[in-house]
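Okay, here's what each chain looks like letter by letter:
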Amino acid sequence: MDLKVVAENRCFGGTQTVFTHDSQICNCEMTFATYLPPQAANGPVPVLWYLSGLTCTHENAMTKGGFQEHAAEHGLAVVFPDTSPRGAGVADDEAYDLGQGAGFYVNATRDPWRSNFRMYDYVVNELRSIVVDNLSVQDRHGITGHSMGGHGAITIAIRNSDLFDSLSAFAPIAHPTQSDWGRKQLSSYLGDDESAWVEHDATLLLEEHGWKGELLVDQGASDQFLDLLKPEALADMMAKRRQPGQVRIQRGYDHSYFFVNTFARDHVAWHAARLS
């Protein structure tokens, strides 16, 4: 594995690092970041994955999410993947919500996307192996994410409950098969057969499979994208299925990283309690 260190900084007694590598899954160079808490110097620690939202790279949550302080307190590593493949040879679109920066954590099956846009396999298989094989971490994982990344966290965890032991989300795109943040991207990446979309819809996956543990979701009540996110669909399904967990509607909070940063402590503690 040709893993290159791009940047490395001391942070809350631990180490914040940015890496690049040549991805066999995405057929391009990929960038990701990791935070190793001070406890990792004494032995492997559990891992929390954070999946970012539309237009983001690995850097947004790394610099704005405030996760490192809480991860250092609880002894968790944090992994910040990019949201899509990138580069001059990678397909893109003029719209902000399709193409580079908008991978939606699926394996594309349509041209021009399918040769690079395989973010599901990248997160679940390739990057997971890189992290476990190269860092001082346990093969014990939690996953969270924001917006498109919240969609990715819930769908990936439910479909791979043997690989993840804790799950939460910040303002996830909760019902993409019934939202313009979903129907556009799923049809572009996967085609018009909506039966192929079901395994990428958090609400529908929860209905079919449930989640093996508790689920924590925070949603801002003043989120400007509420109609696209559809948190009520997920909350209703949790109630219908009697899924243990919480959907917390937070008064006055919007969709920004100010919202994520505010509740990052709660989510890190949530995962630490389930991964310890």
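The following refers to the structure shown.

Thresholds applied
- Residues numbered from 1 in each chain as written.
- Predicted model: local features only at pLDDT ≥ 70, side-chain atom pairs only at ≥ 80, totals over all residues.
- Heavy atoms only, no water.
- Helix = DSSP H or I, 4+ residues; strand = E, 2+ residues; numbered from the N terminus.
- Core = buried A, V, L, I, M, F, W, Y, C linked by side-chain atoms within 4.5 Å.
- Buried < 20%, exposed > 50% of the residue type's maximum accessible area, 1.4 Å probe, protein only.
- Contact = heavy atoms within 4.5 Å.
- Pairing = 2+ DSSP bridges.
- Salt bridge = Lys/Arg side-chain N within 4 Å of Asp/Glu carboxyl O.
- Right-handed = clockwise from strand over helix to strand, strands pointing away.
- Axes fitted to C-alpha atoms, helices over the stretch in contact; angles between N-to-C directions.
- Parallel < 35°, antiparallel > 145°, perpendicular 65-115°, else oblique.
- Left-handed = near helix turned anticlockwise from the far one by under 90°.
- Nonpolar A, V, L, I, M, F, W, Y, C, P; charged D, E, K, R; others polar.
- Arc of directions from axis to C-beta.
- Polar contact = N/O pair within 3.5 Å; in protein donor to acceptor, adjacent residues only side chain to side chain.
- Phe/Tyr/Trp six-rings, centres within 6.5 Å; stacked < 30°, edge-to-face > 60°.
- Lys NZ or Arg CZ within 6 Å of the ring centre and 35° of its normal.

**Description of the environment of Met-119**
So, step 1. When you line up the elements, Met-119 lands in helix 3 (residues 119–134).
So, step 2. Taking the C-alpha atoms as reference points, Met-119 and Asn-107, 12 residues apart in sequence, are found 6.0 Å from one another.

**Things to note about the nonpolar core**
So, step 1. Ranked by internal contacts, the top residues of the largest apolar core, which has 86 residues, are Trp-49, Tyr-50, Ile-143, Ile-156 and Tyr-189.
So, step 2. With near-sequence residues (within four places) excluded, Ile-143 lies in contact with Leu-48, Trp-49, Leu-51, Ala-153, Ile-156, Ala-157, Phe-164, Ser-166, Leu-167, Ser-168 and His-271.

**A short note on the pairing of strand 2 (residues 14–23)**
So, step 1. With eight of 10 residues buried, strand 2 is to be regarded as a mostly interior element.
So, step 2. When strand 1 (residues 4–11) meets strand 2, the two strands line up antiparallel, connected through seven bridges. Bridge pairing links Cys-11 to Gly-14 in strand 2.
So, step 3. What sits between strand 1 and strand 2 in their antiparallel hairpin is a turn of two residues, with Phe-12 showing a positive phi close to 50°.

**Topic: the pattern of salt bridges**
So, step 1. Taken as a whole, this structure holds 14 salt bridges when the rule is applied.
So, step 2. In this structure, Lys-184 engages Asp-97 in a salt bridge whose closest nitrogen and oxygen atoms are separated by 2.6 Å. One end of the pair, Lys-184, is in helix 5 (residues 180–190); the other, Asp-97, is in the loop between strand 5 (77–81) and helix 3, with 87 residues separating them in the sequence.
So, step 3. For Lys-212, the salt bridge is made with Asp-165, and the minimal N-O distance between the two is 3.4 Å. Pair noted here: Lys-212 is in the loop between helix 6 (202–209) and strand 8 (215–220) and Asp-165 is in the loop between helix 4 (148–159) and strand 7 (166–170), with a separation of 47 residues, a long-range link.
So, step 4. Using a relative accessible area of 27% as the deciding quantity, one classes Asp-165 as partly exposed.
So, step 5. Counted as one network, the salt bridges with shared partners bring together Arg-140, Asp-165 and Lys-212.

**Quick look at the pairing of strand 6 (residues 137–145)**
So, step 1. By the bridge criterion, six bridges tie strand 4 (residues 45–51) to strand 6 in an arrangement that is parallel. Along strand 6, the bridge assignment pairs Leu-51 with Gly-145.
So, step 2. Inspection of the sheet shows strand 6 paired to strand 7 by two bridges, in the parallel sense. Each residue of the ladder has a partner; that of Gly-142, found in strand 7, is Ser-166.
So, step 3. In this fold, the crossover linking strand 6 to strand 7 by way of helix 4 has right-handed handedness.

**Quick word on the packing of helix 4 against helix 6**
So, step 1. At a minimum axis separation of 9 Å, helix 4 and helix 6 run at an interaxial angle of 25°. Relative to helix 6, helix 4 is oriented roughly parallel. The two elements helix 4 and helix 6 meet at a crossing, and its hand is left-handed. Counting all contacts with helix 4, which are made through Ile-154, Thr-155, Ile-158 and Arg-159, the residues of helix 6 involved are Ala-202, Leu-205, Leu-206 and His-209.
So, step 2. Per-class residue counts for the contact of helix 4 with helix 6 are five nonpolar, two polar and one charged.

**Observations concerning helix 8 (residues 231–241)**
So, step 1. Listing the buried residues of helix 8 in full gives Pro-231, Ala-233, Leu-234, Met-237 and Met-238. For helix 8, the arc enclosing every buried residue in end-on projection is 160°, short of the 170-degree limit, so these residues lie on one face. Relative to its buried face, helix 8 has exposed residues pointing more than 90 degrees away, namely Asp-236, Ala-239 and Lys-240.
So, step 2. Residues of helix 8 that are buried make contact with helix 4, helix 6, strand 8, helix 7 (226–229) and strand 9 (245–250).
So, step 3. Directly beyond the C-terminal end of helix 8, a positive phi value near 55° is found at Arg-242.

**Here's the deal with helix 6**
So, step 1. Along helix 6, the positions that sit buried rather than exposed are Ala-202, Thr-203, Leu-205 and Leu-206. Angularly, the buried residues of helix 6 cover 165° about the axis, an arc narrow enough to put them on a single face.
So, step 2. Structurally, helix 6 contributes buried residues whose contacts are with helix 4 and helix 8.
So, step 3. Looking at where helix 6 begins, the residue whose side-chain oxygen comes 3.0 Å from the main-chain nitrogen of Thr-203 is Asp-201.
So, step 4. Gly-210 sits one or two residues past helix 6 and shows a positive phi near 65°.

**Digging into the packing of aromatic side chains**
So, step 1. Under the defined criterion, the tally for this structure stands at 14 aromatic pairs.
So, step 2. Aromatic pair Phe-19 and Phe-32: ring centres 5.2 Å apart, planes at 25°, arrangement stacked. Within this pair, whereas Phe-19 is found in strand 2, its partner Phe-32 is found in strand 3 (residues 28–36), the two being separated by 13 residues in sequence. For the pair Phe-19 and Phe-32, one class covers both residues: buried.
So, step 3. In textbook terms, an aromatic cluster arises when at least three aromatic residues are bridged by ring pairs, as seen for Tyr-50, Phe-67, Phe-80, Phe-170, Tyr-253, Phe-259 and Phe-263.
So, step 4. Sitting above the plane of the Trp-270 ring, Arg-274 keeps its charged end 3.5 Å from the centroid.

None of the figures reported here should be taken as evidence of function without further support.
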